[in-house]
Every structure is written in structure tokens, then in C-alpha cells.
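# Observations on the three-dimensional arrangement
Here is what each chain is made of, one letter per residue.
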Amino acid sequence: MRAQRSVSFLQTPAWGRVKTEWRSESLGWFDGRRLIGAGLVLHRPVPRLDRCTLAYLPEGPVIDWSGEIGAWLDPLAAYLKAHGAFAIRLGPPVVTHTWSTAQVKAGITDPAVRRLTELPGPWVDPVGARVSESLRDAGWLPQHPRDGFGVGHPQFKYEVPLAGRTEDELLGGMNQQWRRNIKKAAREGVEVTADDGTPEALKAFHDLYVHTAERDRFTPRPLHYFETMFAALNSEDPQRITLYLAHHRGDLVAATILVRVGTHAVYAYGASATAKREVRGSHACQWAMIREALATGCDVYDLRGITPTLGPDDPHVGLVRFKAGTGGRAVRYVGEWDLPLRPLVHRAFDLYMRRRSV
């Protein structure tokens, strides 16, 4: 893991201590005594089935996906089946397609285009295509929800490349509205401070986060979740997770959480006040996180999930438009796949999850 330039924070051992509702274990692949691959497995129990679990590797495992993947995944399946898993779910950190901001913007304004996948000329990664084909041939089942979001982690993301770029180049790559909003926040006197998760700062963030959840109609996580998250991730690396707080004349107007592993920086959570939105505290936080990611040698600033939908009547296109303003790129990953180890139990679990989502 430490030899990798970057891995998902969802595959770090510390993440297992955050997901307290799951049983976790870290597994390794060895060449002799040399560790050559690793994976964090989260075991989700099944109601009324003792010691029977879904074994989940979010955005993992950390292996060489460019070669013969059966040599990696076959022993994983054998081990997990022997230890009570009825299925394995994993999300290879492998890209299949990339679209530039110019392509995304053209798709948003073209009434004939409804989805990212309808845009012509994406960059296609041959490794991603080969991984998808190998998984399908080996009996893995794709878990790709049509809108890009499901019970797992998103298949489509927006990312800003940082390697070899300066702050001026990053600003120049943003659209006019983003640049204007960043400048306006500075002109209005918005001050952004970084915090390592002190109790007072986390409480202030959480209060604003709950307010955001009520306004935007999603279910917020409890304060204890974020306290656990900061304690666990920072115990593994004191620079792993940082809270950013944007104040305007003493009022907290926005707050965000940045997670870094190696050269990958992730915008994990955000919150904003309904009042004083005109001072653009959220843009100030985003720019502070991008600058920090650049200064610490990160290659990528990851804005996390988007939907692949571009139609003007789609409720999610505003999120795509907002993230496209950063001048980054839309990225499609291989997505999550299931390998049924006990097919009857897996079908019952799949039916149960479908009914819950209705």
C-alpha cells in the first residue's frame, strides 16, 4: 500500500474502523514475504443468516489490474467463500472512459445528447475494457445503476488533473463563473481556515451539514460518524483528513472535508449556509482545497460522483454543470461487480436490496 502513489481512502485499514456497522479485515497478496497487493474487506451480515456476509471491497482491491486478474481474484474468492461470504462485491479503481470539460459542456448544450455515454470521441482506456471483459467472463455481475448512483460508490466522477500545473493555470482552466466567484469570496472578506477535527470545529461543521441536509433533502450522518472518521484516518496519517471552514464576518457560511492518500485528494463532504450565499463561501473552500492538494504534490483533485445524465430536464445536470466549471474531466470507472459464491443467497439479498430502494 505505501509503495503505491495513491490508493482510495476506502481501502486504507483505518476506513474499517470508521465503518463500525461492518466487520472489517485487511487482506494481502504476497510474493514470498513481499507484499504485492492489499484489500480492505467490509463484511455485511445478512439478517437471519448467522455468519453469512456480503464481502465488500469499495474501490479496491489494490492490485495490478493491468495483467491477468484471475491470479489475484481467484484466491480472494476461495478465501472469502471459506470464511462465510455468500458474495463478493468490489469496485476496481480502473478507468474506462474520459471526457474533457469541453466535451461535457457541448453535451449539456446539445438537445440531442442525453447522457455522457452518447458523447462522441471519449478517451478509452484499454485496461478498463479488458478488466470489464475479464470480470464478465469469470462470472462477475455488473452492478451499474442507470443514473450512476446506487447503494455503493459512484461509477462516474469529476476530477481535476493537478500534475505539472500551477495555480494560475488551474484558475485559467476554470470557467468564468468559477473564477468570478472565487474572486468575489476574497473581495467580500471570506476567510477559510483549516482544522484537523477539533471538537468545536466538527460541531460547527455538523450543525451546518444538518442544515444543508434539511434544505437539500438528504439524510445526514450523525456527528459521531465524523468524529470517528477524523480520529481513525488521522491516527493512520496526521495529514490524511482536514476540515475547511469558511467564515464571513464571524458567520460560518461553508465547510468542506478533504481526504488525501498519496497523490490523490478527495472532496469528501460539503455544507453551506442558505444565508449569505452571495459571498461564495463554498467556492472559497473548494479553491483552498485545490491549492492545498497542489501544494502537497497531489496529481488529482477528485470531486467524487456525478450522474451521466446531461438532459436539461434532469435534476442532476446542475451538479454536472457545477463540477464542469472547475475545468477538469468527467471519468467513468469500471464500476462495482458482484461474484455470487452462494447464488441462492445472493439472489435473495439482491431482491431484498431492490425492495429497500423502491
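### Section: the environment of R329
With respect to the element layout, R329 can be found in strand β14 (residues 329-333). In the structure, R329 is positioned 172 residues away from K157 in sequence and 8.4 Å away in space, judged by C-alpha atoms. Not counting residues up to four positions away in its chain, the partners in contact with R329 are T98, W99, T101, K157, Y158, E159, P161 and V300.

### Brief notes about the sheet that holds strand β11 (residues 251-261)
With mixed pairing, nine strands are arranged side by side in an open sheet as β6-β5-β14-β8-β13-β12-β11-β10-β9. Both edges of this open sheet fall to β6 (123-124) and β9 (191-195), since each of them pairs with a single strand only. Alignment of strand β12 (residues 264-272) against strand β13 (residues 300-305), held across three bridges, turns out to be parallel. Note on β13: the bridge partner recorded for H264 is V300. In this fold helix α7 (residues 199-216) packs onto β9, β10 (241-248), β11 and β12, with an angle of close to 70 degrees to the strand it touches most, β12. On top of the sheet, helix α10 (residues 317-324) reaches β8 (156-161) and β13; it is set at about 175 degrees to β13, its chief contact.

### Overview of the packing of aromatic side chains
Per the counting criterion, the structure on display carries 13 aromatic pairs. With a centroid separation of 5.6 Å and 85 degrees between ring planes, the pair formed by Y225 and F226 is classed as edge-to-face. For the pair F226 and Y269, a centre-to-centre distance of 4.9 Å together with 80 degrees between the ring planes defines the contact as edge-to-face. Here F226 is found in helix α8 (residues 223-236), whereas its partner Y269 is found in strand β12, with 43 residues between them in sequence. In this pair, the class of F226 matches that of Y269, namely buried. One aromatic cluster is present, built from ring pairs that chain together F205, Y209, F218, Y225, F226 and Y269. Between the NZ or CZ atom of K157 and the centre of the ring of Y333, over which it lies, the distance is 4.8 Å. Over the face of the ring belonging to Y225 we find R221, whose NZ or CZ atom lies 4.2 Å from the ring centre.

### A short note on the layout of surface pockets
Of the volumes computed, that of the second largest pocket is approximately 950 Å³. If you go around the second largest pocket, you meet 38 residues; those closest to its centre are S6, P93, V94, H264 and Y333. Put simply, the parts of the chain that give the lining of the second largest pocket at least two residues each are β5 (95-100), β8, β12, β13 and β14. Of the residues that constitute the lining of the second largest pocket, the class distribution is 16 nonpolar, 11 polar and 11 charged.

### Digging into the side chain of H206
Inspection of the secondary structure assignment puts H206 in helix α7. By relative accessible area, H206 is classed as buried at 11%. With residues up to four places along the chain from it excluded, the contact list for H206 reads R221, P222, L223 and F226.

### Considerations on the nonpolar core
Ranked by size, the top nonpolar core spans 41 residues in total, and within it V104, L116, L162 and Y301 carry the most contacts. Setting aside residues no more than four positions away along its own chain, L116 makes contact with W99, V104, F156, I306, T307, P308, L310 and A330. Listed in part, the 34 residues of the second largest apolar core include A201, F226, F230 and V259.

### Description of the packing of α7 against α8
Contact pair α7 / α8: the axes reach a minimum separation of 10 Å and the direction vectors enclose 135 degrees. When the interaxial angle is binned, α7 and α8 end up oblique. Once α7 is placed against α8, the crossing between them reads as right-handed. Residues L202, K203, F205, H206 and Y209 of α7 pack against L223, F226, E227 and F230 of α8.

### Points about the pairing of β12
For β12, the tally of buried residues reaches seven of nine residues, placing the bulk of the element in the interior. The pairing of β11 with β12 spans eight bridges and is classified as antiparallel. The residue bridging A254 from the neighbouring strand is S272, located in β12. Where β11 hands over to β12, the hairpin turn is made up of two residues, of which G262 adopts a positive phi near 60 degrees. Traced from β12 through helix α9 (residues 281-295) to β13, the parallel crossover comes out right-handed.

Conventions and cut-offs
Residues numbered from 1 in each chain as written. Predicted model: local features only at pLDDT ≥ 70, side-chain atom pairs only at ≥ 80, totals over all residues. Heavy atoms only, no water. Helix = DSSP H or I, 4+ residues; strand = E, 2+ residues; numbered from the N terminus. Contact = heavy atoms within 4.5 Å. Pairing = 2+ DSSP bridges. Axes fitted to C-alpha atoms, helices over the stretch in contact; angles between N-to-C directions. Phe/Tyr/Trp six-rings, centres within 6.5 Å; stacked < 30°, edge-to-face > 60°. Buried < 20%, exposed > 50% of the residue type's maximum accessible area, 1.4 Å probe, protein only. Lys NZ or Arg CZ within 6 Å of the ring centre and 35° of its normal. 1 Å grid on protein atoms, 1.4 Å probe; cavity = no way out; pocket = protein on both sides within 12 Å on 5 of 7 lines; lining within 4 Å. Points joined across faces, edges and corners; volume = space filled by probe spheres on them. Nonpolar A, V, L, I, M, F, W, Y, C, P; charged D, E, K, R; others polar. Core = buried A, V, L, I, M, F, W, Y, C linked by side-chain atoms within 4.5 Å. Parallel < 35°, antiparallel > 145°, perpendicular 65-115°, else oblique. Left-handed = near helix turned anticlockwise from the far one by under 90°. Right-handed = clockwise from strand over helix to strand, strands pointing away.

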